[in-house]
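Fold and geometry: a report
Here is how the chains run, residue by residue.
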Amino acid sequence: MRRIGAITVAALLAVTGCSGTTGPEPATGTRTVKFSITEGKRTAGPEEVAVRTGENVALEVTSDQPDELHVHGYDKAAQLSPGVPGTVAFTANIDGIFEVELHKSGAAVTKLRVSG
């Protein structure tokens, strides 16, 4: 019986994966990564976000200026109001490296790396 429990735990760890900066949220199965932009520069959040193909991801950005968050390649966008987090959530089902930026300021938020 112990062996079945250990196998179950190992299988769950393999399915959920591990990450040093962010992880899946148990309630939704979505990996949420948060960023802050101040005066057109990223002040919080990773330079690159790596996810597996098919993974649900949410990019949450708080900016000090009104802007539009845009994920290239996926054509996902969200309007940002100063100081209010804006989120783009989607299933990462296209492999590649995609720029995530703010359209008005041109601020680079991150690079999204999607691979199987």
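Before any of the text, the structure's been laid out above.
So, here's what we can say about the structure. Keep in mind that what you see is a predicted model, and the values were worked out from it rather than measured.

Rules behind the numbers
Residues numbered from 1 in each chain as written. Predicted model: local features only at pLDDT ≥ 70, side-chain atom pairs only at ≥ 80, totals over all residues. Heavy atoms only, no water. Helix = DSSP H or I, 4+ residues; strand = E, 2+ residues; numbered from the N terminus. Buried < 20%, exposed > 50% of the residue type's maximum accessible area, 1.4 Å probe, protein only. Contact = heavy atoms within 4.5 Å. Areas by Shrake-Rupley, 256 points an atom, 1.4 Å probe, with all protein chains shown as cover. Pairing = 2+ DSSP bridges. Axes fitted to C-alpha atoms, helices over the stretch in contact; angles between N-to-C directions. Polar contact = N/O pair within 3.5 Å; in protein donor to acceptor, adjacent residues only side chain to side chain. Salt bridge = Lys/Arg side-chain N within 4 Å of Asp/Glu carboxyl O.

A separate point is the overall build of the chain. Counting secondary structure elements, the chain contains one helix and nine strands. Tracing the chain from N to C terminus, the helices and strands come up as α-β-β-β-β-β-β-β-β-β. Counting across all 116 residues of the chain, residues that qualify as buried make up 30%. Counting contacts in the chain only where the partners sit at least 6 residues apart, residues at least 24 apart contribute 53% of the total. With an accessible surface of roughly 7000 Å², the chain has 54% of that area assigned to carbon and sulfur atoms.

Here we come to the sheet that holds strand β9 (residues 108-115). The strand order β3-β9-β8-β5-β6 describes an open sheet built from five strands, whose pairing is mixed. Because the sheet does not close on itself, it has two edges, and the strands there are β3 (48-52) and β6 (76-80). Averaged over all adjacent pairs, the angle separating strand axes in this sheet is 15 degrees, with direction ignored. Sheet topology note: the strand β5 (residues 67-71)/β6 ladder contains five bridges and is antiparallel. Along β6, the bridge assignment pairs E68 with Q79.

What follows concerns the environment of H70. Mapped onto the elements of the fold, H70 is located in strand β5. For the pair formed by H70 and V88, sequence separation is 18 residues and the distance between their alpha carbons is 8.1 Å. Separated by 3.5 Å, the side chains of H70 and H72 make a polar contact. Within polar-contact distance, the side chain of H70 engages the side chain of D75 at 3.2 Å.

This part is about the pattern of salt bridges. Where charged atoms from two side chains of opposite charge come close, those side chains can pair. For the structure on display, the rule yields two salt bridges. Residue E55 is joined to R31 by a salt bridge in which the shortest nitrogen-to-oxygen separation is 2.9 Å. Of this pair, E55 sits in strand β4 (residues 55-63) while R31 sits in strand β1 (residues 30-38), and the two are 24 residues apart along the sequence. R31 matches E55 in its accessibility class, with the two residues each being buried.

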